[in-house]
Structure formats: structure tokens, C-alpha cells
Amino acid sequence: MAPIPGSGLAKGLAVTLRTMTRKSVTKQYPETQPGLPPRTRGVIGLFEENCTVCMLCARECPDWCIYIDSHKETVPAAAPGGRERSRNVLDRFAIDFSLCMYCGICIEVCPFDALFWSPEFEYAETDIHELTHERDKLREWMWTVPAPPALDPAAEEPKEIAAARKTAEKLATARAEPAPHQPDPSGPQEGES
């Protein structure tokens, strides 16, 4: 069936009239904070203890807006006779938010969960050079990261946890069962009959 000429125009005018009759609500922004969705991409927070200076975030960043500096420290051997190890120590971790395009690649590629999205969005500056946030500022943003949502109670148990639970149950049942008495293969000892 062919559409009636002008029906699209009539639908559009109906939407306009419906919207015109509703009362408009203005949110007073500075006094009333907006209700943001839980997965809002505001600013990136750094959990410095998890950072191993693997440089994946800086390498994968399409804008090259992450700056990382580190040095190596020698860690003494854990046991006598062991060898010394070296590890990277983070000196500088900075993100230039004037270049960042909020793609989230750095957060996705971080294998140690050191970067997180924070819903904070009020970090405007008058000078563009102040939009490069160093690790102290990124750590402050970390404390505004919301807790992860609760797991769905109807969800399937993760395979790793299920396997660990089954192993623990097998060990518990093996300990609970009395071990059957097995004869000594060398035969009776002196003084035994």
C-alpha cells in the first residue's frame, strides 16, 4: 500500500505539538549534579600499585597521550643462594587529556588492572598545559571510580572457581574417609605373630 502524501509531515508536526505542550525542566547544573550512568567515561584513574610499567597502554594509545618513565631496581634474592632480580619502578605516569580521545584502549589492554574509568568530568582548565595530569592527580581520580556491579545470582559459576571447588571437595572427602589398612610388604616383623 502506497503511503499517503504528507503523512510524514503530519507525524512530525504531531511530535512537535506533543513536545510543545509538555512542561520543560531545567536542571540547575552546578547546584544539582547530573545522574550519570554507571559506565560513564569521564576521566582515567590510575591504581599505581598494580602498574608494572609494561608500557602496553602507552604503546597501544592511538594519540600517544600517555607518558611513562621508569627505572630498574635490583631486588635481593629471596632465598640464600638465589640470584638477584631486577624490576621496573614507576617514576612518571601522565596522561595528556587535551589529546586523549577517550577511546578506552589503554584500559582494555592493561593486563594488571591499573587503569579505570572514573565518572568525574569536571576537570576543565584555563591553560591547556594543565590538562596533562601526573600520577598524583590520576591517583586522586582512582578513588572516584565506582565499585563494579554485583554479580548476577543466576549466572553460571566461573570455570576456575568451579574447578577449585571440586578439587577442594575431593580432598575433603579423601581426608574424611579412613584409609584401609594395608599389610606391610616386608612381612611380619620380629616379635609379631
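Refer to the structure printed above.
Predicted, not measured: the structure shown is a model, and the values here were computed from it.

### Section: the environment of D113
Here D113 lies in the loop between α3 (105-109) and β4 (115-118). The class for D113 is partly exposed, based on a relative accessible area of 47%. Considered as a pair, D113 and A150 are 37 residues apart in the sequence and their alpha carbons are 18 Å apart. Ignoring sequence-local partners within four residues, the contact set of D113 consists of F47 and N50.

### Let's talk about the environment of P119
Relative to the helices and strands, P119 resides in the loop between β4 and β5 (132-133). On the basis of relative accessible area, P119 is assigned to the buried category, the value being 19%. Distance in space between the C-alpha atoms of P119 and R41 is 5.8 Å, their sequence separation being 78 residues. Sequence-distant contacts of P119, defined by excluding residues within four places in its chain, comprise L36, T40, G42, T144 and P146.

### Overview of the sheet that holds strand β3 (residues 85-96)
Pairing within the open sheet is antiparallel, and its three strands lie in the order β2-β3-β5. Only two strands of the sheet have a single neighbouring strand rather than two, namely β2 (66-75) and β5. In this structure, β2 lies alongside β3, joined through ten bridges in antiparallel fashion. Note on β3: the bridge partner recorded for E73 is R87.

### Considering the nonpolar core
One finds I44, I66, I68, F93, I95, F97 and L115 to be the most contacted residues of the largest nonpolar core, which totals 26 residues. Of all the secondary-structure elements, those providing two or more residues to this core are β1 (43-46), α2 (56-60), β2, β3, α3, β4 and α4 (135-142). With residues up to four places along the chain from it excluded, the contact list for I95 reads I44, C65, I66, L131, T132, H133 and L138.

### Quick look at the side chain of D96
Among the structural elements, D96 can be located in strand β3. A polar contact of 3.4 Å, which involves the side chain of D96, links it to the side chain of T132. Beyond its immediate stretch of four places on either side in the chain, D96 contacts C65, Y67, L131 and T132.

### A short note on the pattern of salt bridges
Enumeration over the complete set of coordinates arrives at seven salt bridges. With its nearest N and O atoms 3.8 Å apart, the salt bridge here joins R87 to E73. Separated by 14 residues along the polypeptide, R87 in strand β3 and E73 in strand β2 bring together distant segments of the chain. When its relative accessible area of 46% is taken as the criterion, R87 is described as partly exposed. Classification of E73 as partly exposed rests on a relative accessible area of 33%. Put simply, E140 and K137 hold a salt bridge, and the shortest N to O gap is 3.8 Å. Here the residue E140 and the residue K137 both occupy positions in helix α4, the gap between them amounting to three residues, near one helical turn. The class of K137 is partly exposed, set by a relative accessible area of 33%.

Conventions we followed
Residues numbered from 1 in each chain as written. Predicted model: local features only at pLDDT ≥ 70, side-chain atom pairs only at ≥ 80, totals over all residues. Heavy atoms only, no water. Helix = DSSP H or I, 4+ residues; strand = E, 2+ residues; numbered from the N terminus. Buried < 20%, exposed > 50% of the residue type's maximum accessible area, 1.4 Å probe, protein only. Contact = heavy atoms within 4.5 Å. Pairing = 2+ DSSP bridges. Core = buried A, V, L, I, M, F, W, Y, C linked by side-chain atoms within 4.5 Å. Polar contact = N/O pair within 3.5 Å; in protein donor to acceptor, adjacent residues only side chain to side chain. Salt bridge = Lys/Arg side-chain N within 4 Å of Asp/Glu carboxyl O.

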